[in-house]
Each structure stands twice: as C-alpha cells, then as structure tokens.
Amino acid sequence: MINKAAELIRESSNPVVFSGAGMSRESGMRTFRGEEGLWKEYSPEQLSSISGLRADPELVWSWYRMRLIAGKNVVPHPGYYALTYLQEQKGHLPVITQNVDGLHRQAGQTDVMELHGSMRTASCIDKCGFSVHLTSELLRADPPVCPDCGAILRPDIVLFGEPLPPETISRSYELAEGCDLMIVIGTSVQVWPAAGIPFAALEGGAVIIEINPVQTELPHSDNVISIRRKAGEILPVLTGFKEKR
Ligand code: OAD
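> Explain the pattern of salt bridges to me, and be specific about the residues and the numbers.
Overall, the coordinates contain 10 salt bridges when judged by the stated rule. With a shortest N-O distance of 3.2 Å, Arg-25 and Glu-36 are connected by a salt bridge. Here Arg-25, found in the loop between strand E1 (15-19) and helix H2 (38-41), pairs with Glu-36, found in the loop between E1 and H2; they are 11 residues apart in sequence, far enough to count as distant. Residue classification places Arg-25 among the partly exposed residues on the basis of a relative accessible area of 33%.

Below, the structure written as structure tokens:
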C-alpha cells in the first residue's frame, strides 16, 4: 500500500494537500478530538466562540495565551519538509489546512489556504480595522485591548458560529474538484464545511491518500488509500524526502 501511494504521488500532475491538527501532533501541538484532544478538557462554546469571548475575555485569552506559549517552541517536523520537497518536485503544491499554527508556511510551503485563520495575529473585536501580529507584550495584557478604540482584541481564528473566509473556502473547493490526487493528513474529517473538501475531491474523480493512525469519516473505497501511520514518519517515505533541512 505504501509503494502504491508513493507511485500515485510520483505520477500525480495536480496534487493538493488537506491537513488537520494531527499534522502538527509530532511538532508538539495537541489535537482537538480523541483521547488526548483539547475538547476533552475544554468546552469549544466557552473558549472558541465570539459569545464566549465577549462573556469572559480574560478566560478566553488565558486559553489562547496558554496555546500560544505552548506553541512557541513548536517547529515543523520532517513530514512538513517532505511536503516542501514535494512542492519543489511538482513546481506547485496547494495546501488547504484547518490548522492555525502557521507551520506549513514556516516549512516553506507557499500556497497555503488557512481555512480556520491564524493564531499569529489578532484584530479588534468591534472591527475598527486594527490588526496586529501577536507579540508577548500584547499577550501580557489581560485581556489584550485595541489601542485604537479600546475594545478587546480577538485572535484571527475562525471561532465557532462564524463563517469561513469565503474566498478561501471557494478556492479550496475549486482546487479539490480539479485535483487528481488529494493527500489528506491528520484530520478527523468531522468539522464542516472543511470536511466536505475531500468528498469534493472524490466527486471530481481524484484519488485520496489518507494519512492518519486511526479510521476517520472517509469512505472505504478503491479511490481512498488509508495509511494508518503518523505524518512525520510516513510523509518522508512517500515523497522520497531524505534530509532534514
Ligand atoms: P481533530 O482533533 O478532530 O483530528 C485530528 C486527527 O489527527 C485525528 O483523526 C487523529 O487520529 C489524527 N492524528 C493524530 N496524530 C497524528 C499523526 N501523528 N499523524 C497523522 N494524524 C494524526 O482535528 P481536525 O480534524 O483538524 O476548528 O479538527 C478540525 C477542527 O476542529 C479544527 O480546525 C478546530 C476544531 O474545532 C476550529 O478551531 C474552527
């Protein structure tokens, strides 16, 4: 199965990557679901919604502060660099990610669609136009406030109940429908509308190579090759990437 997947990757003329929290697990980020998932300990409604942020900004910011500080020393693992190697081989590799940690870009991938936004910047909750790179100084304020209008700041992440950035989601669906191969890495395929992206790829005639140690919502089908391994271990094997840069 690994040889077949490696051959499909080699032969693909138009591959696309779709990733989720499991892609960053071996870099030290936690996933959301499963035994070790963040949602076992925290409530998404309270900590990751605009109403939760307005109701208790100190609590919500203390959670993001914890995630940002935990993520400070997080660096891309070899699986990330294997994708950059694949981008070099193919000339172009669109990456659609549900992750907000910025690791695809940090590893050198240049066409990255961040469906759920980014944890690296924040903006004014009242949309006065203020936007800023999150620095440790800003994070010290409890909660961080907008220097222009005094409202609280929010991380530039898509919170529960908010729509996804329309251009990003529509381009992602277009890429999915037009690709010949989708590499689906480290996602439980449970959160919509992002979860529809691999199904759009299948409907468009693509083959899926799924990399995930456990079974997900993706169907059993001749067009879905599921490799039950960790991203950081198997992506270098599948792409032929050898050295860590
Ligand atoms: P989940 O936490 O739902 O799923 C992570 C998946 O990664 C699971 O299926 C794991 O089995 C798999 N996994 C764990 N370690 C892995 C490894 N080393 N290599 C490969 N796979 C591994 O995360 P997502 O599917 O990304 O949304 O969750 C989607 C959205 O739910 C997130 O973007 C977030 C959350 O609520 C928002 O914050 C808007």
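Structure shown, so let's carry the discussion forward.
> Hey, could you go over unusual backbone geometry for me, with residue numbers and the actual values?
For the bond running from Asp-142 to Pro-143, omega is 0°, close enough to zero to count as cis. Here Pro-143 is to be found in the loop between helix H8 (136-140) and strand E6 (153-157). One non-glycine residue, Lys-127, lies in the positive phi region at around 55°. Looking at where Lys-127 falls in the secondary structure, it is placed in the loop between strand E4 (117-124) and strand E5 (131-133). Phi at Val-189 is positive, roughly 55°, even though this residue is not glycine. Looking at where Val-189 falls in the secondary structure, it is placed in the loop between strand E7 (181-185) and helix H10 (196-203). Given a relative accessible area of 3%, Val-189 falls into the buried group.

Rules behind the numbers
- Residues numbered from 1 in each chain as written.
- Predicted model: local features only at pLDDT ≥ 70, side-chain atom pairs only at ≥ 80, totals over all residues.
- Heavy atoms only, no water.
- Salt bridge = Lys/Arg side-chain N within 4 Å of Asp/Glu carboxyl O.
- Helix = DSSP H or I, 4+ residues; strand = E, 2+ residues; numbered from the N terminus.
- Buried < 20%, exposed > 50% of the residue type's maximum accessible area, 1.4 Å probe, protein only.

Geometric descriptors of this kind do not, in isolation, establish any biological role.
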